[in-house]
Amino acid sequence: ETGVTQSPTHLIKTRGQQVTLRCSSQSGHNTVSWYQQALGQGPQFIFQYYREEENGRGNFPPRFSGLQFPNYSSELNVNALELDDSALYLCASSLNRGGDGYTFGSGTRLTVV
Amino acid sequence: GNSVTQMEGPVTLSEEAFLTINCTYTATGYPSLFWYVQYPGEGLQLLLKATKADDKGSNKGFEATYRKETTSFHLEKGSVQVSDSAVYFCALSQSSGTYKYIFGTGTRLKVLA
């Protein structure tokens, strides 16, 4: 089975721009969660998508938005980028909202300058 | 709210030394508890988990016991190897319709040959 793949691996954007990050979930998984990991910190929950619907959101502003597609892949969109958005963004897939745990991707490193 | 507290690193040990990384949590009810490991440049890998009090999770020589009376889930390994050098994250998950994880800030382990 394939794992979770994220693209791109690295990205540099300018403050105020918009960015889209992509995630392909592990085969058989119907849930995708996104986390933000700032340097030296633990990951912070952004939101979760279950069967194409948002199923929970952390303390992130509305300029963080997402989508899940019928094949259960997902996108994370961030508008009006700020310097503090610089972080590693992790995608994690699971079955049925993650009660048995998640499989994480390797992440996208976003740098905002 | 729910939270996870880990001992600060870095923890530096010689090969074959005994490892303990402390983790305590605050949560209502009965969360599931996890240890994840992150190698440089990679995402998170599940190391072990425990879903109820007194459960012991184990994998690759690592162990942790879910102690509800002390709200702890300390990670131990009897004999570390250089290849164990990584950042270790303790996390809890509690169902509220979304099995989101709350992570600690991570503990960096360096094992010297």
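Our subject is the structure listed above.
The paragraphs below set out a description of the structure included in this document. (Residues numbered from 1 in each chain as written. Chains lettered and ligands numbered in written order. Predicted model: local features only at pLDDT ≥ 70, side-chain atom pairs only at ≥ 80, totals over all residues. Heavy atoms only, no water.)

**Some points on the overall build of chain B**
We count it as follows: Here a strand is any run of E in DSSP of at least two residues, a helix any run of H or I of at least four, and the numbering for each starts at the N terminus. Put simply, the radius of gyration uses C-alpha atoms, and a globule should come to 2.2 Å times the residue count raised to 0.38. Burial status follows relative accessibility: with a 1.4 Å probe on protein chains alone, a residue under 20% of its type maximum counts as buried, one over 50% as exposed, and anything between as partly exposed. Two residues qualify as a contact provided that any one of their heavy atoms is within 4.5 Å of a heavy atom in the partner residue. For every accessible area listed, the method is Shrake-Rupley and the probe measures 1.4 Å; residues are considered covered only by the protein chains on display. Charged residues are defined here as Lys and Arg on the positive side and Asp and Glu on the negative side; His and the ends of the chain fall outside this count. Each charge is placed at NZ for Lys, CZ for Arg, CG for Asp and CD for Glu.
In terms of helices and strands, chain B carries zero helices and twelve strands. Beginning at the N terminus, the succession of helices and strands in chain B can be written as β-β-β-β-β-β-β-β-β-β-β-β. For 113 residues, the compact-globule estimate of 2.2 N^0.38 gives 13 Å, and the C-alpha radius of gyration of chain B, at 14 Å, lies within 12% of that figure. Dimensions of chain B, computed from C-alpha atoms along their principal axes, come out at roughly 45 × 30 × 20 Å. Across the 113 residues of chain B, 43% fall into the buried class. Considering only intrachain contacts with a sequence separation of at least 6, the fraction spanning at least 24 residues in chain B is 57%. Put simply, chain B shows about 5,400 Å² of open surface, and 47% of that area lies on carbon and sulfur atoms. The averaged location of the 10 negative side-chain charges in chain B is 7 Å from the averaged location of its 10 positive side-chain charges.

**Observations regarding the layout of surface pockets**
Convention followed: A cavity here means a set of points on a 1 Å grid, drawn over the protein atoms and nothing else, where a 1.4 Å probe fits but cannot get out; a pocket is an open set with protein on both sides within 12 Å along at least five of seven lines, and a residue lines either one if it has an atom within 4 Å of a point. Grid points are joined across faces, edges and corners, and a volume is the space filled by probe spheres set on the points. Residues are grouped as follows: nonpolar covers Ala, Val, Leu, Ile, Met, Phe, Trp, Tyr, Cys and Pro; charged covers Asp, Glu, Lys and Arg; every other residue, Gly included, is treated as polar.
The calculated volume of the largest pocket comes to roughly 450 Å³. If you go around the largest pocket, you meet 22 residues; those closest to its centre are Gln37, Leu39 and Arg109 of chain A together with Gln38 and Arg108 of chain B. Among the elements of the structure, β10 (86–93) and β12 (107–112) of chain B are those that each provide at least two residues to the lining of the largest pocket. Along the lines of polarity and charge, the residues of the lining of the largest pocket split into seven nonpolar, twelve polar and three charged. Considered as a void within the structure, the second largest pocket measures approximately 220 Å³ in volume. In terms of lining residues, the second largest pocket is bounded by Pro43, Gln44, Phe45, Gly58, Asn59 and Phe60 of chain A together with Lys100, Tyr101, Ile102 and Phe103 of chain B. Contributions of two or more residues to the lining of the second largest pocket are made by β5 (44–50) of chain A together with β11 (101–103) of chain B. Top contributing element to the lining of the second largest pocket by residue count: β11 of chain B, with three residues. The residue makeup of the lining of the second largest pocket, split by class, is six nonpolar, three polar and one charged.

**Quick word on the sheet that holds strand β8 (residues 62–65) of chain B**
Sheets are built from strands that pair by backbone hydrogen bonding, the pairs being arranged parallel or antiparallel. All names here are of chain B. For the record, the criterion: Strands pair, by our definition, only if DSSP identifies at least two bridges between them. Under this scheme, a helix contributes an axis fitted over its contacting stretch, all axes are lines through C-alpha atoms, and angles between N-to-C directions fall in the 0 to 180 degree range.
Taken in spatial order, the four strands of this open sheet run β3-β9-β8-β7, and their pairing is antiparallel. Lying at the two open borders of the sheet, with one neighbouring strand each, are β3 (19–21) and β7 (56–59). Taken over all neighbouring pairs, the strand axes of this sheet differ in orientation by 15 degrees on average, direction set aside. Relative to strand β9 (residues 75–77), β3 is paired through three bridges, and the arrangement is antiparallel.

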